[in-house]
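Descriptive structure summary
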There are 2 protein chains.
Amino acid sequence: MKFLDAEYTLETDAELGLVEEVLDQFFTDAKLRAVSLHPAYLSLWEAIERNAAGGKRFRPRLLMLAYRQLGGSDPTAAAKLGAVYELLHNAFLIHDDVIDRDPTRRGVPNVSGHYANKARRAGASAEAAQHAGMAAGLLAGDLSLAGAYRLHEAVEASGEVRQRLNGILDYAVFSSIGGELLDAEFALAVQMPSPEEVRTVARRKTAVYSFEAPLQAGALLAGAPASVAGRLADFGRDAGIAYQIADDVRGTFGDEEDTGKSNIGDLREGKRTVLLSYAATKPQWKEISQLVGSGELTAAGAGRIRDLLTECGAREHAVHLASEHAHAAVKQLGEEIPAGLAGSLERLLFSLLAELHSL
Amino acid sequence: MKFLDAEYTLETDAELGLVEEVLDQFFTDAKLRAVSLHPAYLSLWEAIERNAAGGKRFRPRLLMLAYRQLGGSDPTAAAKLGAVYELLHNAFLIHDDVIDRDPTRRGVPNVSGHYANKARRAGASAEAAQHAGMAAGLLAGDLSLAGAYRLHEAVEASGEVRQRLNGILDYAVFSSIGGELLDAEFALAVQMPSPEEVRTVARRKTAVYSFEAPLQAGALLAGAPASVAGRLADFGRDAGIAYQIADDVRGTFGDEEDTGKSNIGDLREGKRTVLLSYAATKPQWKEISQLVGSGELTAAGAGRIRDLLTECGAREHAVHLASEHAHAAVKQLGEEIPAGLAGSLERLLFSLLAELHSL
């Protein structure tokens, strides 16, 4: 089973076509404008569009689910708002990859990788090519971020709903970038962050923009009361942390063929996950710490780390923690949330956990 | 005389205090929110605020000048809109410095420089410290860019004016990032860009967001007809190109003590200016091309390049070109523009030229 297929249980496939239409239109407009500025600019926009293609549209799915289940009747408007969060996601992915110096995404060159390869072919040194890739990634992320705001302005909403939607987008950006900063600072620090700090990063960097904001935005656009949006935000906080922990477990213990994602990258990078944070307090850490965080980590070394993480209880701890947050999330839903919506959100989390146990 | 003091001739000093108030409030709000997320996030916001301090507020000045002279009666609203363009400017400065790997701005460490120094003090290698600086600069620029949009949403305007203001901001971002991309691509190319290409970059990267957009936005917020805003945009296009050329001449021939800016940095970097583009077609290019673009360029080497640029006529050509664009700008003003506004804009350009001749 493909891990995190849970995301596909949201049952909004028919309406998701509307999101694709908004994104298509956005990129078509941008490319038309870009080519009139310079053909090189068109290439950058094509790279941004490629980076956005093939995503699971998880944030628009959540947003449209909340919108529909709370009585929203204009799926086109919801699709526009969903596309905002997809562009925001794309901006964060592009800039994350720049910060991580990662040249690929979903197995193919990302924006930076594409531009670095291009510079290399044109005769640039490895260092100059990497720099060219960084610059292109930086500009591409800026365009995707600005694009999210631009599309957001075009969502039809007025008065108080408009104010609140602005506030939600703003908070999502503010929180995610703060989380990214903490992530970068913790990665630099000699000491491993505490499990609490790792979860704070997960919430700030992932939960807010991936769960809390899309659910709240969908609810408010549908005209739901603020209390319902608040409940969904509470749900989203814990669900997002569970999701991030599950993603980290997958990134270490998942089968690459199943997940389509390297299961050695996080270990090479020494990514500050709940797994490592827990292990840092155990005797096995002495050996683990000599292996993780090295670009030269071999498949055998990674295998050894996995064994040690299992042995010291880090794996079990992480799975348990994901489960705890998932249950806490479900508890937040309460009576105000319509049964259909609550049911969909519960199924999402339980299939997440089922997949986690089947790894 | 301090070069480009021309910018100070805009006579809006009293109203400029309002812009400072908006910026102060913006940063105070952001820092309060940031510290509630994590003290490390507060530090990043402080670095962003420092980067924005000490700027000449040129874009808000232009915007408020147009607003006032075209009958605008709510300087507080104009100040908010002016602050939007200052934050946008700040975002571009921060990201430009990341792309140029420049650790200082106005003689002091910029955001990246500050974070690189901090990492260095904490024991990071030179390479890791530079990377930490890059990451912080990238995030800081994102926050400043998002902040510009956030503040823009809060400008009170409705209906058609709101739509147009959105379009102007959007186009400014789109154009500037396109210009930055072209700049980066031309810097990588073996061939020197043509003078026409250099001016295209100047227009896209500088003129649109520094002149065209603030003037148009100020006019529209004041309720001026679209034709007046259009005239001002036409003025801004040529004025912005003249300004960029003047800035490049200053960057090579200015006295560091007068300008507060290194006069060797552009030459070390091999920045694609009108000066170099012109010189590339002259016999002196053989010697110039062996000196420019090297991080090891000495003061004596820079002196030699200056002599060669003067000898081959590049300096005179650049000054002439700036003058041509300044005159073309003034010609665009026409009868629709009130005499007071036209007079201020003319004075701005003529003092720019006077300063250029006195270098």
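Here the structure is a predicted model, which means the values were calculated and not measured.

1. Notes on the overall build of chain A
- Helix and strand counts for chain A come out as 16 helices and 2 strands.
- Within chain A, the fraction of its 359 residues that count as buried is 59%.
- Of all intrachain contacts in chain A linking residues separated by at least 6 positions in sequence, the fraction that spans at least 24 positions is 75%.
- Only carbon and sulfur atoms are counted for the fraction: they give 51% of the accessible area of chain A, which is about 13,700 Å².

2. Topic: the domain arrangement of chain A
All names here are of chain A.
- Domain boundaries assigned for chain A yield domain 1 (1-155) and domain 2 (157-359).
- Using C-alpha coordinates to define each centre, domain 1 is positioned 21 Å away from domain 2.
- Counting residues at the interface gives 36 residues for domain 1, matched by 47 residues for domain 2.
- At the junction of domain 1 and domain 2, the tally comes to 1 salt bridge.
- Where domain 1 packs against domain 2, one counts 7 residue pairs in polar contact (both at pLDDT 80 or more).
- Mapped by element, the contributors of at least two residues to the side of domain 1 that touches domain 2 are α3 (58-69), α4 (75-100) and α6 (126-154).

3. Remarks on the pattern of salt bridges
Residues and elements named next belong to chain B.
- Summed over the entire model, instances satisfying the criterion amount to 40 salt bridges over all chains.
- Ionic pairing is found between D96 and K205, a salt bridge with its closest N-O pair at 3.7 Å. Of the two residues, D96 sits in helix α4 (residues 75-99) while K205 sits in helix α8 (residues 195-221), which places them 109 residues apart along the sequence. Take D96 and K205: they sit in the same class, and that class is buried.
- A salt bridge links E196 to R199; the shortest N-O distance between them is 3.2 Å. Of this pair, E196 and R199 both sit in helix α8, 3 residues apart, which is roughly one turn of the helix.
- Residue class for E196 comes out partly exposed when judged on its relative accessible area of 48%.

4. Regarding helix α14 (residues 299-311) of chain A
Residue and element names in this part refer to chain A.
- With 13 residues, α14 should reach 18 Å at 1.5 Å per residue; the first-to-last C-alpha distance of 18 Å fits that figure.
- Within the sequence span of α14, burial applies to G301, A302, I305, R306, L308 and L309. Buried residues in α14, looked at end-on, bunch into an arc of 165 degrees, giving them a common side. In α14, the exposed positions angled more than 90 degrees off the buried face are occupied by A299, A300 and E311.
- The inward-facing, buried residues of α14 contact α9 (226-253), α11 (265-269), α12 (274-279), α13 (285-291) and α15 (314-332).
- Following α14 by one or two positions, G313 has its phi on the positive side, about 90 degrees.

5. A look at the interface of chain A and chain B
- Contact with chain A, which involves 47 residues of that partner, is made by 47 residues of chain B.
- Summing both partners gives a buried area of about 4,500 Å² for chain A against chain B, and 70% of it is carried by carbon and sulfur.
- Counting the contacts that link chain A with chain B gives 8 salt bridges.
- If you look at where chain A meets chain B, you find 16 residue pairs in polar contact (both at pLDDT 80 or more).
- Looking at the side of chain A that touches chain B, the elements with two or more residues in it are α1 (13-37), α2 (39-52), α4, α5 (111-121), α6 and α7 (159-188) of chain A.
- A per-element tally of the side of chain A that touches chain B places α6 of chain A first, with 15 residues.
- Its residues assigned to classes, the side of chain A that touches chain B comprises 28 nonpolar, 8 polar and 11 charged.

6. Digging into the relation of the copies chain A and chain B
- At an RMSD of 0.0 Å, chain A and chain B line up after a rotation of 180 degrees and a shift of 0.0 Å along the axis. Those values place the two copies in the arrangement expected of a two-fold rotation axis.
- Looking at the interface residues of chain A, 100% of them are also at the interface in chain B, so both copies use one shared face.

What counts as what
Residues numbered from 1 in each chain as written. Chains lettered and ligands numbered in written order. Predicted model: local features only at pLDDT ≥ 70, side-chain atom pairs only at ≥ 80, totals over all residues. Heavy atoms only, no water. Helix = DSSP H or I, 4+ residues; strand = E, 2+ residues; numbered from the N terminus. Buried < 20%, exposed > 50% of the residue type's maximum accessible area, 1.4 Å probe, protein only. Contact = heavy atoms within 4.5 Å. Areas by Shrake-Rupley, 256 points an atom, 1.4 Å probe, with all protein chains shown as cover. Domains from an automatic or database assignment. Salt bridge = Lys/Arg side-chain N within 4 Å of Asp/Glu carboxyl O. Polar contact = N/O pair within 3.5 Å; in protein donor to acceptor, adjacent residues only side chain to side chain. Expected span 1.5 Å × (residues − 1). Arc of directions from axis to C-beta. Buried area = accessible area lost by both parts, 1.4 Å probe. Nonpolar A, V, L, I, M, F, W, Y, C, P; charged D, E, K, R; others polar. Least-squares fit on C-alpha atoms with pLDDT ≥ 70 in both.

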